[in-house]
Amino acid sequence: MTEARDLLSGIVGEWQGRYRVWLEPPAVHTDCRSMLHIEPLLDGRFVSGDYDWASGGATEHAPSSVEGQPQTGSFMLGCSTAGEWQMAWVDSWHNGDSILFSTGGPEPKVTGTYAETWGWRTEFELREPDHLVITAYNITPDGEEQIATEGDYRRT
């Protein structure tokens, strides 16, 4: 549990970096600037993160009216005393009006399900005290994984 609390406290702060989206890897669909603000909740047992980015173009999921438009997302992340990581995530472009709930462990990697049969795994990696990478993978109903998003941030 100490390692989890160390990671949670270690990612609190102001971050800026690049946000990338892959719709059909290996081609990058979006590569834009992003700001991330993470603050502690309930004496550091959880963190809340808010970020922004801009969509890179029209797709099946996002009409041309949002092409290049500002997007936002938020997450709440924590780890239970049993070592289960838990996250609730929303994003204005990725999941519309749905909340994605994800769990995992013992590493800070959580997986949720959307559209009934698809998976979404999010990984938090504090590579250095001032370098945070948040990577997400789409998981097909057949279990095939492909990179979907990556936020590569430096502390400001």
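Let me begin by describing the structure that accompanies this report. For clarity, every value in this text was computed on a predicted model and none was experimentally measured. (Residues numbered from 1 in each chain as written. Predicted model: local features only at pLDDT ≥ 70, side-chain atom pairs only at ≥ 80, totals over all residues. Heavy atoms only, no water.)

### Describing helix 1 (residues 2–10)
Since the α-helix turns once every 3.6 residues, residues separated by three or four places project in the same direction. Restricting attention to buried positions, one finds in helix 1 the residues A4, L7, L8 and G10. Buried residues of helix 1, seen end-on, are gathered within an arc of 165° and therefore sit on one face of the element. With respect to the buried face of helix 1, the exposed residues turned more than 90 degrees away are T2 and S9. Where helix 1 is buried, its residues contact strand 1 (13–24), strand 3 (46–54), strand 4 (70–79), strand 5 (85–91), strand 8 (118–128) and strand 10 (145–155). (Buried < 20%, exposed > 50% of the residue type's maximum accessible area, 1.4 Å probe, protein only. Helix = DSSP H or I, 4+ residues; strand = E, 2+ residues; numbered from the N terminus. Arc of directions from axis to C-beta. Contact = heavy atoms within 4.5 Å.)

### As for the nonpolar core
Judged by nonpolar contacts, the single largest core of 29 residues is most densely connected at L36, I38, Y51, F75, L77 and W85. Setting aside its immediate chain neighbours within four residues, L77 contacts L8, I11, F46, V47, W85, Q86, M87 and F124. (Core = buried A, V, L, I, M, F, W, Y, C linked by side-chain atoms within 4.5 Å.)

### Regarding the pairing of strand 2 (residues 27–41)
Each regular strand carries side chains that alternate between the two faces of the sheet. The pairing of strand 1 with strand 2 spans 11 bridges and is antiparallel. Bridged to R18 within strand 2 is R33. Following strand 1, the chain reverses through 2 residues before pairing antiparallel with strand 2. Sheet analysis places strand 2 next to strand 3, joined by 7 bridges and oriented antiparallel. When the sheet's bridge partners are listed, M35 is paired in strand 3 with D52. Counting the residues between successive antiparallel strands, the hairpin from strand 2 to strand 3 contains 4 residues, one of them, L42, with a positive phi of roughly 50°. (Pairing = 2+ DSSP bridges.)

### Focus on the pairing of strand 1
Sheet topology note: the strand 1/strand 10 ladder contains 7 bridges and is antiparallel. Looking across to strand 10, one finds that Y19 is bridged to G151.

### Here we look at the packing of aromatic side chains
Tallied over the full model, the rule gives 7 aromatic pairs. Relative to Y51, the ring of Y19 lies with its centre 5.9 Å away and its plane at 25°, an arrangement referred to as stacked. Remark: Y51 occurs in strand 3 and Y19 occurs in strand 1; sequence separation between them is 32 residues. Since its relative accessible area comes to 5%, Y19 is described here as buried. With relative accessibility at 9%, the residue Y51 sits in the buried group. Taken together, a centroid distance of 6.3 Å and an interplanar angle of 75° make the contact between Y114 and W120 edge-to-face. Residue Y114 is classed as partly exposed on the basis of its relative accessible area of 31%. (Phe/Tyr/Trp six-rings, centres within 6.5 Å; stacked < 30°, edge-to-face > 60°.)

### Some remarks on the pattern of salt bridges
All chains considered together, the criterion is met by 9 salt bridges. E125 serves as the salt-bridge partner of R127, at 3.3 Å between the closest nitrogen and oxygen. The residue E128 makes a salt bridge to R154 at a minimum N-O spacing of 3.9 Å. Note that E128 is positioned in strand 8 and R154 in strand 10, a separation of 26 residues in sequence. According to the relative accessible area criterion, R154 is partly exposed, its value standing at 43%. (Salt bridge = Lys/Arg side-chain N within 4 Å of Asp/Glu carboxyl O.)

### A look at unusual backbone geometry
Cis geometry marks the peptide bond from P25 to P26; its omega dihedral reads 15°. Inspection of the secondary structure puts P26 in the loop between strand 1 and strand 2. G105 connects to P106 through a cis peptide bond whose omega is 5°. Mapped onto the elements of the fold, P106 is located in the loop between strand 6 (100–104) and strand 7 (109–114). The backbone of E116 sits at a positive phi, close to 70°, despite the residue not being glycine.

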